[in-house]
Amino acid sequence: MHAPQYNMFAAETAVQAHHDPYAEQRARDFRRLRFAPKLEREFLLHMRADQRTSTMVCIVTALGIWLAFIALDLTRLNTLRELSAGHRDVEFAMALRVSTFAAIVALLYALLAHRLPRAYHRLSMLVLTLIGMTSAFIANMYKLRDLPQADLAQLVIIAAVFLPVGLTFYQSLGIALFIAVLTTVLGLVMLDEIHMLEHFRLSVLLFFAVFVSAVGAYLREYAQRDQFLLRRILHNHAMSDALTGIDNRRSFEQHAAIALLQGRRDRVGVVFAVLDIDHFKKYNDRYGHQAGDQALGRVAAAIASCLRRPMDMVGRIGGEEFAIVLYGADTEQARRMLDSVARAVADLAIPHEASDTADCVSVSIGAASFDGSETLEQLYRRADLMLYESKRTGRNRLTLC
């Protein structure tokens, strides 16, 4: 038995074929709660879509509480008399109340109407910031008038900032710190010496609340990110071929069926091709199954490298058999692309001394153009007949109908 002379390169290609960004990210860890840029964008979209319902629940609750606070202001402050007396602090407080109410309503509308589906977190950040700022200002105003007020409300707001409302840990932490600092500064500016000791105690409690809430939020997001990666890894394992890293038969058939439906609707050409490695059993007998597995990985990578358009796809559907879908391609375009696939495999120059067709590994291809009404099974059957014709007439060739 001859040992192949390309084991090191083939092993490297096999590793590349198994490239899984989710598994790599999990292996690198993410203690700073950041993924690689592409994965980070994917996670954020997933997280915000997942938290849309919880955000809506929180916003509806906040809206009810805010209306209750507005009603309390009108009764406890005697707002109309204060406004008529020209008290600027009350005017500013009411402006903050109304602005915050408008922001809450805007966020609720965006969620209900599916507006800004990828950017509602920005409205969430605005709403939380306005709630914290307004509550801090009005609490100080109450103190100066010796009216009952609840300092603990600021602690509740700090905790609410870390609720699942589409924000990352760092966004929530930034808002919580901003509210704590703003509350402290507003107290120093607005309050007199009588209330300063009480205000100092409140400020200490606020920063302690930020710390405690942040620890819980960090652990929650870390677990959420880990679950996200695990789900994606499991999905990839279920839908990809373990040996070559390309789509397995199940995944390929799902994608191919979608391509046919899309092609029928858009009235564009779709070509289905079946590709078979020539004399692969003889290759395994000559070089061994390990070398055969490495050759499969290299051939799969070569095929995939030729399919650069978004809707084109390749899958392994049998031992040494691959299937290709070319979307939006007419017969001539498909012929050129499939010829380039055959050349890419030939350019690998994988020795095959046992082949009756060529000195190196070659492929036979059969392809059929979608007629607009066939099922995937019918189209596959026609392509398979063309593959049989390629083999019957000498292999290492393309037959397309």
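Before reading on, note that the structure itself is shown above.
In every chain, residue numbers begin from 1 and rise along the written sequence. Owing to the predicted nature of the model, reporting of local features is limited to residues with pLDDT of at least 70; listing and counting of side-chain atom pairs is limited to 80 or more, with chain, interface and lining totals taken over all residues. Only heavy atoms go into the side-chain values, all of them from the structure, while hydrogens and water stay out.

> Could you give an account of the packing of aromatic side chains, with specific residues and numbers?
Working definition: a ring pair exists when centres of Phe, Tyr or Trp rings (six-membered ring for Trp) sit within 6.5 Å. Plane angles under 30 degrees give stacked, over 60 give edge-to-face, the rest tilted. Going through the model one piece at a time under the given rule, you end up with 15 aromatic pairs. Centroid distance phenylalanine 169 to tyrosine 170: 5.2 Å. Interplanar angle 70 degrees. Geometry classified as edge-to-face. A simple rule labels every residue: compare its accessible area, found with a 1.4 Å probe on the protein chains alone, to the largest value its type can have, and call it buried under 20%, exposed over 50%, or partly exposed in between. Judged by relative accessible area, phenylalanine 169 falls into the buried class, the value being 9%. The exposure class assigned to tyrosine 170 is partly exposed, which follows from its relative accessible area of 42%. Relative to tyrosine 380, the ring of phenylalanine 272 lies with its centre 5.9 Å away and its plane at 85 degrees, an arrangement referred to as edge-to-face. Here tyrosine 380 lies in helix α15 (residues 376-392) and phenylalanine 272 lies in strand β1 (residues 270-277), a separation of 108 residues in the sequence. Judged by its relative accessible area of 3%, phenylalanine 272 is buried. Following the ring pairs from residue to residue traces out a cluster consisting of Tyr22, Phe30, Phe35, Phe43, Phe169, Tyr170, Tyr218, Tyr222 and Phe228. What counts as a helix is a DSSP run of H or I of at least four residues, what counts as a strand is a run of E of at least two, and both are numbered from the N terminus.

> Report on the packing of helix α8 (residues 152-161) against helix α9 (residues 169-190), specifying residues and quantitative values.
Simply put, an axis is a line fit to the C-alpha atoms, just over the touching stretch for a helix, and the angle between two N-to-C directions goes from 0 to 180 degrees. Orientation of α8 relative to α9, taken along the N-to-C sense of each, is 165 degrees, at an axis distance of 8 Å. One finds that α8 runs roughly antiparallel with respect to α9. Crossing hand, α8 versus α9: right-handed. Where α8 approaches α9, its residues Gln154, Ile157, Ile158 and Val161 are matched on the opposing element by Ser172, Ile175, Ala176, Ile179, Ala180 and Thr183. Angle categories: roughly parallel below 35 degrees, roughly antiparallel above 145, roughly perpendicular from 65 to 115, and oblique for all the rest. What makes a crossing left-handed is the near helix being turned counterclockwise from the far one by less than a right angle; a clockwise turn instead makes it right-handed. Residue contacts are defined here by distance: any two heavy atoms, one from each residue, within 4.5 Å place the two residues in contact.

> Can you break down the nonpolar core residue by residue, with the values?
Formed by 36 residues in total, the largest nonpolar core has its most connected members in Ile303, Phe322, Ile324, Leu326 and Leu338. Those elements that provide at least two residues to this core are β1, α12 (280-287), α13 (289-306), β3 (321-327), α14 (331-347), β4 (363-369) and β5 (398-400). When residues in this core are grouped by element, the largest group, 8 residues, is from α13. Apart from the residues lying within four places of it in its own chain, the contact partners of isoleucine 303 are Leu275, Val314, Phe322, Ile324, Val341 and Val345. Buried residues of nine kinds, namely Ala, Val, Leu, Ile, Met, Phe, Trp, Tyr and Cys, make up a nonpolar core once their side-chain atoms join them within 4.5 Å.

> Could you give an account of the side chain of histidine 352, naming the residues involved and the relevant values?
Position of histidine 352 relative to the elements: it lies in the loop between α14 and β4. Two N or O atoms form a polar contact when they lie within 3.5 Å of each other; inside protein one atom must be a possible hydrogen donor and the other a possible acceptor, and for residues adjacent in sequence the pair counts only when both atoms belong to side chains. A polar contact of 2.9 Å, which involves the side chain of histidine 352, links it to the backbone oxygen of histidine 279.

> Pulling in residues and values, what's your account of the sheet that holds β4?
When DSSP locates at least two bridges between a pair of strands, those strands are taken to pair. Reading across the sheet, the 5 strands line up as β2-β3-β1-β4-β5 and stay open at both edges, with mixed pairing between neighbours. At either end of the open sheet lies a strand with only one pairing partner, and these are β2 (313-316) and β5. Each strand axis lies, on average, 15 degrees off the axis of its neighbour in the sheet, ignoring direction. Pairing of β4 with β5, which is carried by 3 bridges, proceeds in the parallel orientation. Across the sheet, the residue bridging to alanine 367 is leucine 400, located in β5. Running over the sheet, α14 touches β1, β3, β4 and β5 and is turned about 160 degrees from β5.

> Mind laying out the pairing of β4, listing which residues take part and the relevant values?
Along any regular strand, the residues point their side chains to alternate faces of the sheet. By the criterion of burial, β4 is predominantly enclosed, with 6 of the 7 residues buried. Inspection of the sheet shows β1 paired to β4 by 7 bridges, in the antiparallel sense. If you follow isoleucine 277 over to β4, its bridge partner there is valine 363. Following the chain from β4 across α15 to the adjacent parallel β5, one finds a crossover that is left-handed. Whether a crossover is right-handed depends on one test, that the path from the first strand over the helix to the second runs clockwise when the strands point away from the viewer.

> An account of the pattern of salt bridges is needed here, citing residue identities and associated values.
Salt bridges are identified by distance alone: a Lys or Arg side-chain nitrogen within 4 Å of an Asp or Glu carboxyl oxygen. Under the counting rule described, the total for this entry stands at 19 salt bridges. With a closest N to O distance of 3.1 Å, arginine 381 and glutamate 377 form a salt bridge. Of the two residues, arginine 381 and glutamate 377 both sit in helix α15, 4 residues apart, roughly one turn of that helix.

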